[in-house]
Amino acid sequence: MKKIELEIVALSHSITQTHSYAVVLGEVNGLRRLPIVIGGFEAQAIAVALERMQPSRPLTHDLMKNFMMAFNIDLHEIIINDLQEGIFYSKLICSSDKDTVEIDSRTSDAVALAVRFGCPIYTYDNILENAGILMEEDDKKKKVVVSHTDEGSDDLKKLSLAELEALLNEVLEHEDYIKAASIRDEINLRKGN
């Protein structure tokens, strides 16, 4: 089967499931999108890597990358290789000096590792046909959109720049990286970045 390369085009709250998020993968040089519902911790892990945040302590996926690097194991690619009853299955394609292996993985964990390693994400045409969405040409976006909408976003607008920066430090200490991204976005908006 021919592999189709995907890229992350959006990460946001899931509109279909409460307390869940969706990572939307888009076909590189194509119009099909693959929305995948993931948990909050996995969304945070992906957001931290996408936003290039530096947590005070390594998150689980950072630890995994550090472990792999310490033993000269490289992650070459991930493949979303199956879809059963609405659940996506993935494989990590890893190699060391002696061997190349495929390791089963939850798709959300595989994507979080792919972002950290900068490796490609692939799937097969039949998975895009069964679970993908076809976008219009005007809707195709070239940059990743991380949506941080929540009920507290209006409260951020009421704070001064100094208060926002203090709040950012506080939420980073508590390792709430999704909230930190919202605050950072508000700070950047005010600074004209």
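Treat the numbers as computed from the prediction; the structure is a model and nothing was measured.

A.B. asks: Please clarify how the overall build of the protein chain should be interpreted in this entry.
C.D. replies: Within the protein chain, the secondary structure is distributed over 7 helices and 9 strands. A separation of at least 24 residues holds for 57% of the contacts in the protein chain among residues at least 6 apart in sequence. Per element, the accessible surface of the protein chain, about 11,400 Å² overall, is 51% carbon and sulfur.

A.B. asks: How should I be thinking about the side chain of E42 in this particular structure?
C.D. replies: For E42, the location among the structural elements is in helix α1 (residues 40-50). Taking relative accessible area as the criterion, E42 reaches 12% and is therefore assigned buried. Within the local environment of E42, its side chain forms a polar contact with the side chain of R106, the two groups lying 2.5 Å apart. Sequence-distant contacts of E42, that is, excluding residues within four places in its chain, are made with R106, S108 and D109.

A.B. asks: Before we go on, may I ask you to explain the nonpolar core in this structure?
C.D. replies: One broad rule of soluble globular proteins: the nonpolar side chains tend to lie buried together. Counting 31 residues, the largest nonpolar core has L25, L34, L75, I78 and I121 as its most contacted members. Elements with a contribution of two residues or more to this core: β1 (3-13), β2 (21-27), β3 (32-38), α1, β4 (74-84), β5 (87-95), α3 (107-117) and α4 (125-131). Of all the elements, α3 adds the most residues to this core, at 6 residues. Leaving out residues up to four positions away in the same chain, L75 has contacts with M68, L92, I93, C94, L113, A114, F117 and C119. If you look at the next biggest cluster of nonpolar residues, it comprises 11 residues, including V48, L156, A181 and I183.

A.B. asks: For this particular structure, what's the right way to read the packing of aromatic side chains?
C.D. replies: The description of an aromatic ring pair rests on the distance of the ring centres and on the angle between the ring planes. Tallying each qualifying case throughout the model produces 1 aromatic pair. Geometry around Y122 places K3 over its ring, the cationic atom sitting 4.5 Å from the centre. Above the plane of the ring of F117 lies K65, whose end atom (NZ or CZ) is 5.6 Å from the centre.

A.B. asks: Looking at this model, I keep getting lost on α1. Mind explaining?
C.D. replies: One turn of the α-helix equals 3.6 residues, which is why residues spaced by three or four share an orientation. Counting buried positions along α1 gives 8 out of 11 residues, so the element sits mostly inside the fold. Those residues of α1 that fall on the buried side of the exposure criterion are E42, A43, Q44, A45, I46, A47, V48 and A49. R52 lies just past α1 and shows a positive phi near 55°.

A.B. asks: Is there a simple way to explain the pairing of β3 in this structure?
C.D. replies: Two faces make up the sheet, and in a regular strand the side chains alternate between them. Summarising burial for β3: 5 of the 7 residues are buried, a large majority. As judged from the 6 bridges shared by β2 and β3, these two strands associate in the antiparallel manner. Residue pairing in the sheet places V24 in a bridge with P35 of β3. In this structure, the hairpin formed by β2 and β3 is closed by a connection of 4 residues, where N29 is found at a positive phi of approximately 60°. Looking at chain direction, β3 and strand β8 (residues 133-134) are connected through 2 bridges and run antiparallel. Each bridged residue has a counterpart across the sheet, and for R33 the counterpart in β8 is I133.

A.B. asks: How should α3 be read in this particular structure?
C.D. replies: Summarising burial for α3: 10 of the 11 residues are buried, a large majority. The set of residues buried in α3 consists of T107, S108, D109, A110, V111, A112, L113, A114, R116 and F117. Of the residues trailing α3, G118 is marked for its positive phi of about 70°.

A.B. asks: Mind showing me how you'd approach the confidence of the model for the protein chain here?
C.D. replies: Do not read the predicted coordinates in detail wherever pLDDT is low. Here the protein chain averages 83 in pLDDT, while 83% of its residues score no lower than 70. The least confident element of the protein chain is strand β9 (residues 145-146), whose mean pLDDT is 48; the most confident is strand β7 (residues 121-124), at 97. Within the model, pLDDT remains below 50 along residues 141-151, and this stretch shows 21 contacts once partners closer than five positions in the same chain are excluded.

Scoring rules and cut-offs
- Residues numbered from 1 in each chain as written.
- Predicted model: local features only at pLDDT ≥ 70, side-chain atom pairs only at ≥ 80, totals over all residues.
- Heavy atoms only, no water.
- Helix = DSSP H or I, 4+ residues; strand = E, 2+ residues; numbered from the N terminus.
- Contact = heavy atoms within 4.5 Å.
- Areas by Shrake-Rupley, 256 points an atom, 1.4 Å probe, with all protein chains shown as cover.
- Buried < 20%, exposed > 50% of the residue type's maximum accessible area, 1.4 Å probe, protein only.
- Polar contact = N/O pair within 3.5 Å; in protein donor to acceptor, adjacent residues only side chain to side chain.
- Core = buried A, V, L, I, M, F, W, Y, C linked by side-chain atoms within 4.5 Å.
- Phe/Tyr/Trp six-rings, centres within 6.5 Å; stacked < 30°, edge-to-face > 60°.
- Lys NZ or Arg CZ within 6 Å of the ring centre and 35° of its normal.
- Pairing = 2+ DSSP bridges.
- pLDDT = per-residue confidence, 0-100.

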